[in-house]
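Observations on the three-dimensional arrangement
For reference, the chains in residue letters:
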Amino acid sequence: VAYGLKMEKDAGEPVCKQGFYPYDYLSGYFYLHPKERRWSFVVGDYQLRGARGLLFGKQLYASREYSARNTRFTPVEFRPHLGMDENYFFRGAAAGYRFGQWEAMAFVSCRSLDARYDNQSDTVRSLLTGGLHRTYNEIQRRHNLENQTVGAHVGHCQAAWGIYADAYWTHFNHCVYPEVFPYNESYFRGRAGGAASLSHFWKGRAWIWQGEVAADNHWHWALEQSLAWKGNENFKGQAQYRHFSSRFTSLYGAALQQGSRVANEQGLLLSASSSLFRHSEWLGYVDLFRFPHPTFVSVQPGALGAEVSLQCRYTPNMKQGWLL
């Protein structure tokens with residue numbers, strides 16, 4: 001059992017005036033998962049993470065170093081919202097049930113978001129995620145957009161393989177329509193949208209294959225597949241391929257990617273880690289990627305990029321450590 005209550009106020013935000021309490025942000029949760037029970041639930045603020053991040057982001061996917069070391073597959077699951085972030089969570093309830101080798105989960109969320117409206121209409125031009133309410137404009141845009149989201153998860157898992165299905169549908173009480181620029185032509189627009197995905201894993205003696213394929217409600221799709229090889233305890237290698245349609249829309253996704261959203265990207269990531277030499281660990285990766293359409297930082301289509309990293313950690317004893 002876990003429960004918590006958080007209150008937060010950023011510097012410069014009003015206190016006990018202009019409709020403010022002593023705090024600006026209030027968050028709480030109650031989470032129950034009894035040992036040796038098949039069910040669990042959370043009420044309040046919670047997060048959804050798992051699979052390969054196409055529908056619901058997994059924070060650790062931001063670290064390519066972690067991905068090179070870790071080959072474990074985690075299906076989509078809920079957990080309490082523990083941090084002070086004011087945006088990337090759901091507010092409502094989620095419940096899960098496991099029966100034999102099957103598992104199921106459903107969730108519902110109702111939240112008030114910060115939004116900037118068009119000066120001449122009630123159309124939302126942008127969703128604000130800074131969490132700051134200090135100036136007059138920021139206060140006017142505080143919690144002025146309602147969002148409801150529902151979703152479900154079901155899966156079947158064996159010792160050596162598993163397959164899972166996830167889906168969500170979300171609705172806003174006002175039309176979201178960002179001003180069109182070359183880099184945001186395929187952003188989410190409208191009042192409602194959704195997406196669904198199939199994810200899987202397979203474990204062999206030395207190989208691990210896992211991945212996810214997703215499609216939004218307009219049948220734009222995204223694909224991520226990973227193949228890892230574990231020769232022994234001292235060496236691991238992994239290759240990841242990703243192909244995200246430029247028009248794919250995932251409001252809550254965050255995969256192992258170079259762009260800021262799960263869309264408009266093709267990439268190949270090769271990584272390896274080794275501890276063959278005594279007291280040392282080597283880790284490196286090469287990430288090659290392409291943006292088929294313009295992005296915020298590359299106004300020309302077809303931009304190419306590469307990220308290369310090599311890291312060596314030497315620890316001769318408990319008192320010393322060197323990192324290059």
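Structural data are supplied above this passage.
Residues numbered from 1 in each chain as written. Predicted model: local features only at pLDDT ≥ 70, side-chain atom pairs only at ≥ 80, totals over all residues. Heavy atoms only, no water.

1. Things to note about the environment of phenylalanine 56
The topology assignment puts phenylalanine 56 in the loop between strand E3 (39-49) and helix H1 (64-69). Accessibility expressed as a relative area gives 2% for phenylalanine 56, which makes it buried. Distance in space between the C-alpha atoms of phenylalanine 56 and serine 250 is 8.3 Å, their sequence separation being 194 residues. (Helix = DSSP H or I, 4+ residues; strand = E, 2+ residues; numbered from the N terminus. Buried < 20%, exposed > 50% of the residue type's maximum accessible area, 1.4 Å probe, protein only.)

2. Considerations on the state of the cysteines
Inspection of every chain in the model, using the stated rule, returns 0 disulfides. Counting only cysteine sulfurs, cysteine 110 is the nearest neighbor of cysteine 175, a cysteine outside any disulfide, at a range of 20 Å. (Disulfide = S-S within 2.5 Å.)

3. A look at the pairing of strand E6 (residues 102-117)
With 8 bridges connecting them, strand E5 (residues 90-99) and E6 associate as antiparallel partners. When the sheet's bridge partners are listed, glycine 96 is paired in E6 with methionine 105. Where E5 folds back onto E6 in an antiparallel hairpin, the turn is made up of 2 residues, including glycine 100, whose phi is positive at roughly 65 degrees. As consecutive antiparallel partners, E6 and strand E7 (residues 124-128) are separated by 6 residues. (Pairing = 2+ DSSP bridges.)

4. Details of the packing of aromatic side chains
In this structure the tally under the stated criterion is 22 aromatic pairs. Judged by centre distance (6.2 Å) and plane angle (15 degrees), the ring pair of tryptophan 39 and phenylalanine 41 falls under stacked. Given a relative accessible area of 26%, phenylalanine 41 falls into the partly exposed group. When the centroid spacing of 5.5 Å and the interplanar angle of 45 degrees are considered together, the rings of phenylalanine 289 and phenylalanine 291 count as tilted. The burial state of phenylalanine 289 is the same as that of phenylalanine 291; both residues are buried. Counting every residue linked through ring pairs, the aromatic cluster contains Tyr46, Phe56, Phe90, Phe107, Tyr168 and Tyr252. (Phe/Tyr/Trp six-rings, centres within 6.5 Å; stacked < 30°, edge-to-face > 60°.)

5. Section: the side chain of arginine 242
With respect to the secondary-structure elements, arginine 242 resides in strand E13 (residues 235-244). Of the residues examined, arginine 242 reaches a relative accessible area of 0% and is grouped as buried. Here glutamine 240 takes part through its side chain, which lies 2.9 Å from a polar atom of the side chain of arginine 242. One polar contact links arginine 242 to glutamate 265, side chain to side chain, over a distance of 2.8 Å. (Polar contact = N/O pair within 3.5 Å; in protein donor to acceptor, adjacent residues only side chain to side chain.)

6. Points about the environment of alanine 104
Structurally, the position occupied by alanine 104 is in strand E6. Alanine 104 sits 192 residues away from phenylalanine 296 along the chain, and the two C-alpha atoms are 39 Å apart. Sequence-distant contacts of alanine 104, defined by excluding residues within four places in its chain, comprise Ala95, Gly96, Tyr97, Phe99, His153 and Val154. (Contact = heavy atoms within 4.5 Å.)

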